[in-house]
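Chain by chain, the residues run as shown.
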Amino acid sequence: MNVKEAITNRMSIRSFTKGEVSNEMILEILRAGNCAPTAGNIQPWEFIIVREHLTKKEIVNTTFLGKDEQKGIPQKWMLLAPIFIVICADVDRSYNKYGEKSLKTLIYLDCSACIENMLITIVDLNLGSCYVSGFREKELSQILKLPANVIPIGILPVGYPNGMSIKRPKIDVESKIHYEWYNKK
Ligand SMILES: Cc1cc2nc3c(=O)[nH]c(=O)nc-3n(C[C@H](O)[C@H](O)[C@H](O)COP(=O)(O)O)c2cc1C
């Protein structure tokens, strides 16, 4: 699959077969993430691979659908995936160089670039995933035994797509282009 195909074929997958994901595949996904650009080449990410069903259940219990962190129901679909990759950021590494800006934006921008690289590679391996950020950060940090300077940014449940997912429509890019300044068409 070439890059253009992998980018255009990518879509959020929330339903999986029972097929396992090998350690070699996981390493390939992480290596792709690790190639991403970061402010000051800080590379703040740390990856946690979760295979144990009980740990996955605990993680899912920290997730919620919608915007209500407390009342939103857990994202149970995630349990169909054989593995979770949790992308975390070591805040200290970025903070030491950029201060408050790290917490406001930089670690999220850095880790999102990393996650998109991972998502594209997941497609290339004929696997599927979905970027999950609907979780209660403190609870998830406890389960993963994260030190105080490390925060969870996103979870990627990864597995083989079972063909039930539907491609979401995208707004026509032509309508989003501005020449020279905003709203000049
Ligand atoms: C920052 C971010 C957070 C997201 N969090 C969730 C989530 O918690 N649960 C979920 O099912 N999808 C989540 N998504 C996936 C989006 O719903 C999905 O990307 C969007 O609907 C577009 O569909 P597509 O990925 O198939 O193009 C998230 C995506 C992003 C970029």
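Residues numbered from 1 in each chain as written. Predicted model: local features only at pLDDT ≥ 70, side-chain atom pairs only at ≥ 80, totals over all residues. Heavy atoms only, no water.

(A) Seen up close, the side chain of T38. Mapped onto the secondary structure, T38 falls in the loop between α2 (23–34) and β1 (45–50). Excluding residues within four positions of it along the chain, T38 makes contact with Q43, P44, W45 and D110. (Helix = DSSP H or I, 4+ residues; strand = E, 2+ residues; numbered from the N terminus. Contact = heavy atoms within 4.5 Å.)

(B) Local environment of helix α3 (residues 53–60). Of all the residues in α3, the buried ones are K56, I59 and V60. Each buried residue of α3 lies within a common arc of 100 degrees when the element is viewed along its axis, so the set occupies one face. Its buried side turned inward, α3 meets β1, β2 (83–90), α6 (137–143) and β4 (150–159). (Buried < 20%, exposed > 50% of the residue type's maximum accessible area, 1.4 Å probe, protein only. Arc of directions from axis to C-beta.)

(C) Representation of the sheet that holds β1 in the model. Across the sheet, four strands lie side by side as β1-β2-β4-β3; this open sheet has antiparallel pairing. Of all strands in the sheet, those with a lone pairing partner are β1 and β3 (128–129), marking the two edges. For β2 and β4, the ladder comprises eight bridges, and the chain directions are antiparallel. The residue of β4 that forms the bridge with D90 is V150. Helix α4 (residues 91–98) contacts β1, β2 and β4 of the sheet and is inclined by roughly 30 degrees relative to β2. Contacting β1, β2, β3 and β4, helix α5 (residues 100–124) crosses the sheet at an angle of about 10 degrees to β4. (Pairing = 2+ DSSP bridges. Axes fitted to C-alpha atoms, helices over the stretch in contact; angles between N-to-C directions.)

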